[in-house]
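If you want the building blocks of each chain, they are given just below.
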Amino acid sequence: MNAISKADKAINRQIRKSRRSKRVTPKKFFECFFTYLGLLIIAAIFLFPVLWLVLASFSESGSMYSFKGFFPSAFSTTTFVKLFTDTELYNYPRWFLNTLIISVCASVLGSVLVILTAYVMSRFRFGARKTIMKITMVLGMFPSFMAMTAVYLLMTQFKMVNQLWGLVLIYSAGAPMGYLTQKGFFDTISNSMYEAARIDGASNAKVFIKVTLPIAMPMVVYTLLTQFTWPWSDFILPKLLLKSRDLYTVAVGLMSLGDTEFARFAAGSVFVAVPIVVLYFFLVKYMVNGLTAGAVKE
C-alpha cells in the first residue's frame, strides 16, 4: 500500500507540474509575441522582392519606366507568351534548354565524383589522407572567381571555349572539393554493417552499392540538388566561356535583355524557379525513405 500511495503522489506531482508549465505567464506571452512578430517581419522582407518580381512579370507595357511606384500600372499575360514565342532576338527556350543540359549533366557527373570522394575519405585510411583534407579545406577558403583567368586559359588551350561540355567539365571537376558534408554523413554509418558485409565475402564495390548507398540516399539526393542548383543559377562562368548568343544560359541571356524588356526579364526569372521546385517535390520522398532504408546508424 505504501508503494501504491507513493506512486500516486508522484503521479499527482507530475500532473500539477505539467499544469503549471502550461500556464501562460505574461513573460511567456511577450516572448512568443515578439518572436513571432520578428519572424513575420523577416518573412515579409524576404517575400516582398519575390512578390514584386512576380507582379512585374505581368506588366502590360514591359518597361520598368511605366511602373506606378513599385508595381506595374497595367497587367497582362502577354509577357509569358512572348517569352516562348518571340525568339528572333531573345531565344529564351534555347537558353533554358542549354541551362538544363549543363545542369543535368553536371549534377549527375558531379554527384558521382563527390559521393565517391567522400566515401573514400571516410572509410579508407592511406598516407596522404589528412594532407588532402587539409589542402581542400584551405583551398575552399578562397573564392572560386580567383581562378577564372586560369580556367579561361585552360579552356582556350583545350578548344572548349563556346562549348557547353566545357562548362559541364568545369562544374563536375570542381564538385569534389565540397565533399566534407557528405563525408560527415558517411562517418555516422555503423562500422558493424561493413564488417558483416565483408565477412559475407562482399567486395568494396559491393559494400558501397548494396550497403552504403541505400542508407545514404538522403545525402545522395541532397548532393544531386546542390550540384544542380549551382550551374543552374551561375552567371560568371557561362558569361566568361560562352560567346555565341545561341549558347547562352538563362542567367547570361536574361542579363542581355534591354531596359524596355524588364517584364520579360521578370517572367524569365520567375520561370527559372520551376525546375528547382519540381525537383524538390519529386525527390523529397526519397529523402524521407532513405532515412529508414534497412539499417541503423550508431
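Model, not experiment: these values are computed from the prediction. (Residues numbered from 1 in each chain as written. Predicted model: local features only at pLDDT ≥ 70, side-chain atom pairs only at ≥ 80, totals over all residues. Heavy atoms only, no water.)

1. Examining the overall build of the chain
Thought 1: A tally of regular secondary structure across the chain gives 14 helices and zero strands.
Thought 2: Each helix (α) and strand (β) of the chain, taken in turn from the N terminus, gives the series α-α-α-α-α-α-α-α-α-α-α-α-α-α.
Thought 3: When the 298 residues of the chain are sorted by exposure, 32% land in the buried category.
Thought 4: Once local pairs closer than 6 in sequence are excluded, the contacts in the chain between residues at least 24 apart make up 73%.
Thought 5: Counting every atom, the chain has about 18,700 Å² of accessible surface; 69% of that belongs to carbon and sulfur. (Helix = DSSP H or I, 4+ residues; strand = E, 2+ residues; numbered from the N terminus. Buried < 20%, exposed > 50% of the residue type's maximum accessible area, 1.4 Å probe, protein only. Contact = heavy atoms within 4.5 Å. Areas by Shrake-Rupley, 256 points an atom, 1.4 Å probe, with all protein chains shown as cover.)

2. A word on the confidence of the model for the chain
Thought 1: For the chain, the mean per-residue pLDDT works out to 80, and 85% of the residues sit at or above 70.
Thought 2: When pLDDT is averaged over each helix and strand of the chain, the minimum, 58, is found for helix H1 (residues 2–22) and the maximum, 91, for helix H4 (residues 92–123).
Thought 3: Low pLDDT, under 50, characterises residues 290–298; the stretch is placed with 19 contacts to residues that sit more than four places away or in other chains. (pLDDT = per-residue confidence, 0-100.)

3. Here's the deal with unusual backbone geometry
Leave glycine aside and you will find that most residues have negative phi; peptide bonds, for their part, are mostly trans.
Thought 1: Its identity as a non-glycine residue notwithstanding, lysine 159 has a phi of 55°, on the positive side.
Thought 2: Inspection of the secondary structure assignment puts lysine 159 in the loop between helix H6 (148–157) and helix H7 (164–174).
Thought 3: You can call lysine 159 exposed: its relative accessible area is 70%.
Thought 4: The residue asparagine 162 is not glycine, and still its phi comes out positive at about 65°.
Thought 5: Here asparagine 162 lies in the loop between H6 and H7.
Thought 6: Looking at asparagine 162, the relative accessible area reads 24%, which means it is partly exposed.

4. Side note on a nonpolar patch on the surface
Thought 1: Together, Ile135, Val138, Leu139, Met141, Phe142, Phe145, Met146, Met177, Phe235, Ile236 and Met255 make up a nonpolar patch on the protein surface, roughly 1,100 Å² of accessible area in all.
Thought 2: If one sorts the elements of the nonpolar patch by residue count, helix H5 (residues 129–139) sits on top with three residues.
Thought 3: Examined against the element boundaries, valine 138 turns out to sit in helix H5. (Patch = residues over 30% accessible without salt bridge, like charges linked within 9 Å, V, L, I, M, F, W, Y side chains within 5 Å. Salt bridge = Lys/Arg side-chain N within 4 Å of Asp/Glu carboxyl O.)

5. Description of the side chain of lysine 183
Thought 1: You can see lysine 183 is positioned in helix H8 (residues 180–187).
Thought 2: Once you skip the residues sitting within four places of it in the chain, lysine 183 turns out to touch Ala118, Met121, Ser122, Arg129 and Met133.

6. Details of the packing of aromatic side chains
Thought 1: A complete count under the given rule lists 17 aromatic pairs for this structure.
Thought 2: Centroid distance phenylalanine 58 to phenylalanine 80: 5.1 Å. Interplanar angle 50°. Geometry classified as tilted. Taken together, the residues phenylalanine 58 in the loop between helix H2 (26–56) and helix H3 (78–85) and phenylalanine 80 in helix H3 connect sequence positions 22 residues apart.
Thought 3: For phenylalanine 58, a relative accessible area of 27% gives the class partly exposed.
Thought 4: Phenylalanine 80 gets classed as partly exposed once you look at its relative accessible area, which sits at 21%.
Thought 5: For the ring pair tyrosine 171 and tryptophan 230, a centre distance of 5.0 Å and an interplane angle of 70° mean the geometry is edge-to-face. Of the two residues, tyrosine 171 is situated in helix H7 and tryptophan 230 in helix H11 (residues 217–233); the sequence distance between them amounts to 59 residues.
Thought 6: Relative accessible area serves as the criterion here: at 1%, tyrosine 171 is assigned to the buried category.
Thought 7: Given the relative accessible area of 35%, tryptophan 230 is considered partly exposed. (Phe/Tyr/Trp six-rings, centres within 6.5 Å; stacked < 30°, edge-to-face > 60°.)

7. Points about the nonpolar core
Thought 1: Counting residues in each nonpolar core, the largest one holds 19 residues, and the members touching the most others are Tyr119, Phe185, Phe186, Ile189, Val207 and Val211.
Thought 2: Looking at this core, the elements that each hand over two or more residues are H4, H8, helix H9 (191–199), helix H10 (204–215) and H11.
Thought 3: Residues contacting phenylalanine 186, with those up to four places away along its chain left out, are Ile115, Ala118, Tyr119, Ser122, Arg123, Thr212 and Ala216. (Core = buried A, V, L, I, M, F, W, Y, C linked by side-chain atoms within 4.5 Å.)

8. Re the pattern of salt bridges
Thought 1: On inspection of all chains with the given rule, the structure shows two salt bridges.
Thought 2: With its nearest N and O atoms 3.0 Å apart, the salt bridge here joins aspartate 86 to arginine 264. Taken together, the positions of aspartate 86 in the loop between H3 and H4 and arginine 264 in helix H14 (residues 262–290) put the pair 178 residues apart, joining distant regions of the chain.

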